[in-house]
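The residues making up each chain are set out below.
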Amino acid sequence: MKVTVVGAGAVGASCAEYIAIKDFASEVVILDIKEGYAEGKAMDLMQTASLNGFDTKITGSTNDYSKTADSHIAVITSGIPRKPGMTREELIGINAGIVKTVSSSLLEHSPNVIIIVVSNPMDTMTYLVHKTTGLPKNRIIGMGGALDSARFKYRLAEAMEAPISDIDGMVIGGHSDKGMVPLTSHATRNSIRVSEFLSDERLEQVAADTKVGGATLTGLLGTSAWYAPGAAVSALVQAIACDQKKMFPCSTMLEGEYGLNDICIGVPVILGKNGIEKIVDIPLSDAEKAKMQESAEGVTKTNGLLEL
Ligand SMILES: NC(=O)c1ccc[n+]([C@@H]2O[C@H](COP(=O)([O-])OP(=O)(O)OC[C@H]3O[C@@H](n4cnc5c(N)ncnc54)[C@H](O)[C@@H]3O)[C@@H](O)[C@H]2O)c1
Ligand SMILES: O=C(O)C[C@H](O)C(=O)O
């Protein structure tokens, strides 16, 4: 199983590291446009192999896509991250051009590849890859919901003073400060609804903190986060590579599901060897439906900025 990670920056390197440590891929190619950068990251990571006990071969490439040939899965992390005070949507001007060029270069050398889009604004970048590559929808996956759900579980565990392994919960909707829809009424601690443990006010605070999870970290770090994003991407890559049939919220092209059409937005999907093998269309409460609709309007507005 060969995996390519485009962008050797913070998220790309973190994701390559987690993939290697889990040791399920035979090869990870990291590619970056910056001369020598991907080669350097690959060499540094390879020098952790004997310490961390993995056999995955990691190689680097300065913009030479022939080295990515016949990849099964490719992750696009190339592009600029936001700075404190910015929204993800503000990145569209630079990142759209990068994502368009990168996806077409990947496909030249790996016509059967499954693409995971990470660059922001992620839902719109996922839509762009659909519109410009014409790939079947199961092979284009936007990563956002897996990360947002991990942050939701972190905030729930914090509020309940519970171990995170006790918590289950999911965030759907757009991967944006305003567009996320944490499914608070479905979240549980060992199958008991979290509303049994937390007041409505505390749950609202958890949801609010979850939605600005990325912005909070950007404020603290001066650039956006990478450990949890890298871990979230590696979980999706593993689900596909190992045909796990695991469910994650991912940005996918909707054709009527959740009452939405011609939009990529986060909903639960089953991931296996074919990429997105099923969209799980769960019933939402009226309040959740309204939030999902509002989120979709935000994503559609950003999609309107694309030059297609
Ligand atoms: N979807 C998510 O949940 C999520 C999470 C975290 C970050 N992100 C996004 O991921 C992107 C990367 O974030 P980061 O922190 O790793 O940024 P970074 O600046 O650390 O790394 C980006 C890398 O992309 C490279 N690059 C730029 N243009 C390229 C091209 N045409 N081809 C190949 N490489 C190119 C740069 O040289 C750089 O090394 C940002 O857009 C960020 O907003 C998304
Ligand atoms: O917050 C960002 O801009 C990066 C990413 O989307 C995140 O949620 O960490």
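Residues numbered from 1 in each chain as written. Chains lettered and ligands numbered in written order. Predicted model: local features only at pLDDT ≥ 70, side-chain atom pairs only at ≥ 80, totals over all residues. Heavy atoms only, no water.

As recorded in an unreviewed UniProt entry, the protein chain goes by Malate dehydrogenase and comes from Maribacter litoralis. As its UniProt record puts it under Catalytic activity (unreviewed entry), the protein chain is described as follows: "(S)-malate + NAD(+) = oxaloacetate + NADH + H(+)". Comment text from UniProt for the protein chain, heading Sequence similarities (unreviewed entry), reads "Belongs to the LDH/MDH superfamily. MDH type 3 family." (UniProt positions renumbered as here; feature names shortened; annotations may be inferred.)

*Asks:* Explanation requested: the UniProt feature "domain: Lactate/malate dehydrogenase C-terminal" (unreviewed entry) in the protein chain in the structure shown.
*Replies:* The UniProt entry lists residues 147–299 under the feature "domain: Lactate/malate dehydrogenase C-terminal" (unreviewed entry), expressed in the numbering used here. As annotated, residues 147–299 comprises 42% helix and 25% strand, and the C-alpha atoms at either end are separated by 18 Å. (Helix = DSSP H or I, 4+ residues; strand = E, 2+ residues; numbered from the N terminus.)

*Asks:* Is there a simple way to explain the pairing of strand β1 (residues 2–6) in this structure?
*Replies:* Where a strand is regular, its side chains alternate between the two sheet faces. A large share of β1 lies buried, amounting to five of its five residues. In terms of strand pairing, β1 meets strand β2 (residues 27–32) through five bridges, oriented parallel. When the sheet's bridge partners are listed, V3 is paired in β2 with V28. With respect to chirality, the unit in which β1 leads through helix α1 (residues 10–22) into the neighbouring parallel β2 is right-handed. Bridging between β1 and strand β4 (residues 73–76) involves four bridges; their strand directions are parallel. Bridge pairing links T4 to A74 in β4. (Buried < 20%, exposed > 50% of the residue type's maximum accessible area, 1.4 Å probe, protein only. Pairing = 2+ DSSP bridges. Right-handed = clockwise from strand over helix to strand, strands pointing away.)

*Asks:* What exactly am I supposed to notice about the sheet that holds strand β7 (residues 167–168) here?
*Replies:* By way of backbone hydrogen bonds, the strands of a sheet pair with one another, either parallel or antiparallel. Taken in spatial order, the three strands make up an open sheet running β7-β10-β11, and their pairing is antiparallel. Only two strands of the sheet have a single partner each, and these edge strands are β7 and β11 (192–193).

*Asks:* Explain helix α2 (residues 37–46) to me, please; I cannot follow it from the model alone.
*Replies:* Every α-helix carries 3.6 residues per turn, so stepping three or four residues along brings you back to the same face. Where α2 is concerned, the buried positions are A38, A42 and L45. Viewed end-on, α2 has its buried residues packed into an arc of 65°, placing them on one side of the element. Exposed and facing more than 90 degrees away from the buried side of α2 are M43 and D44. Where α2 is buried, its residues touch α1, β2, α3 (49–52) and β3 (57–62). (Arc of directions from axis to C-beta. Contact = heavy atoms within 4.5 Å.)

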